[in-house]
Amino acid sequence: MDFNMKKLASDAGIFFTRAVQFTEEKFGQAEKTELDAHFENLLARADSTKNWTEKILRQTEVLLQPNPSARVEEFLYEKLDRKVPSRVTNGELLAQYMAEAASELGPTTPYGKTLIKVAEAEKHLGAAERDFIHTASINFLTPLRNFLEGDWKTISKERRLLQNRRLDLDACKARLKKAKAAEAKATLWNDEVDKAEQELRVAQTEFDRQAEVTRLLLEGISSTHVNHLRCLHEFVKSQTTYYAQCYRHMLDLQKQLGRFPGTFVGASEPASPPLSSTSPTTTAATMPVVPSVAGLAPPGEAALCLEEVAPPASGTRKARVLYDYEAADSSELALLADELITVYSLPGMDPDWLIGERGNKKGKVPVTYLELLS
């Protein structure tokens, strides 16, 4: 019991001494041991690493899960060390609604068939998103959290110890200075000077030892950067894979929908916006129009008589192909990405399609696969 009381009294005395030293330093009434420039740079670098890691972590969490309530729920499950329940992605939920709508509105109607096709694509997109979130969480978010909750906490703990050792050292320096000042007035203070010098040597040793421990941890931030760099590459790789999958799914969907252009004939509004910055609806409206050809039926009612179609005398336009396109039948022209073709429109033709020519080949081409050049 006496030992515990003595220890508490000693701890209280040390705390009080540090508080006095800290306060006097703030008011400029006491000297302060300064760390060397290299050490200060290591501290600043560590603080910057911690701050930016927190920001990147938080924003990546927002990117992967925009719903704040869902993020809070996942955080609570993680803190309780429980598995986060599987959650349906927005794409999968949209696919479910579209499939149910098609079933109720008529799966054999043009609208119902399209809903089913789009639902399948949205389901694939949702599954790809789920894989991306899972991969990014493991390869990117988890290492960042481990740094903040592991390495950084250790660094912070050792920095606090170093601060205490520094306060103890400076307090010892102040006591020795006072003892020497008193010694100049009376020889009776020799013992006090010896005691103060001994305390200073001990404090200096403890400070130097703690400074070295802290320095090694701070220099380890370089290894942290290397690890985060590797994780960043993994994140970019998973994001690239995700967007590539989305692109392929949507390209396949666009091809499937593009094979039935007649479905959209008579629509009051143009089709979905193009993939390029040039509006296909606007450019298609300014395309040279071929005069009516005898026997040429409107699109969707009969096959085009491509042999009777000739470029208009008023001129044509060049277009750059954005993506590969596989012709669905003989009336369409297969396309290769980045090639240049000649295009023009026909009277009454679906605005989502143009006539494309490449050499001696011609056929219908979807506008959304083209960038019309001036």
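Look up: the structure comes first, before these words.
What counts as what
- Residues numbered from 1 in each chain as written.
- Predicted model: local features only at pLDDT ≥ 70, side-chain atom pairs only at ≥ 80, totals over all residues.
- Heavy atoms only, no water.
- Pairing = 2+ DSSP bridges.
- Helix = DSSP H or I, 4+ residues; strand = E, 2+ residues; numbered from the N terminus.
- Phe/Tyr/Trp six-rings, centres within 6.5 Å; stacked < 30°, edge-to-face > 60°.
- Buried < 20%, exposed > 50% of the residue type's maximum accessible area, 1.4 Å probe, protein only.
- Lys NZ or Arg CZ within 6 Å of the ring centre and 35° of its normal.
- Axes fitted to C-alpha atoms, helices over the stretch in contact; angles between N-to-C directions.

## Some details on the pairing of strand E4 (residues 361-366)
Part 1: Where strand E3 (residues 353-358) and E4 come together, six bridges link them in antiparallel fashion. The residue of E4 that forms the bridge with tryptophan 353 is proline 366.
Part 2: Linking E3 back to E4 in an antiparallel pair, the connection comprises two residues, with glycine 359 at a positive phi of about 65°.

## Digging into the packing of aromatic side chains
Part 1: Inspection of every chain in the model, using the stated rule, returns nine aromatic pairs.
Part 2: With 4.7 Å between their ring centres and 25° between their planes, phenylalanine 140 and phenylalanine 235 make a pair best called stacked. Remark: phenylalanine 235 occurs in helix H7 (residues 221-258) and phenylalanine 140 occurs in helix H5 (residues 110-183); sequence separation between them is 95 residues. Taken as a pair, phenylalanine 140 and phenylalanine 235 share a single burial class, namely buried.
Part 3: Taken together, a centroid distance of 6.5 Å and an interplanar angle of 75° make the contact between tyrosine 325 and tryptophan 353 edge-to-face. Linking tyrosine 325 in the loop between strand E1 (317-321) and strand E2 (340-344) with tryptophan 353 in strand E3, this pair joins segments that are 28 residues apart in sequence. Here tyrosine 325 matches tryptophan 353 in class, with each residue buried.
Part 4: Taken together, Phe132, Phe140, Phe235, Tyr242 and Tyr243 form an aromatic cluster joined through their ring pairs.
Part 5: Over the ring of tryptophan 353 we find lysine 364, and its NZ or CZ is 5.4 Å from the ring centre.

## A few points about the sheet that holds E3
Part 1: Pairing is antiparallel across the open sheet formed by five strands, whose spatial order is E4-E3-E2-E1-E5. Looking at the sheet topology across the chains shown, the edges are occupied by E4 and strand E5 (370-372). Put simply, the sheet's adjacent strands are angled 40° from each other on average, direction ignored.

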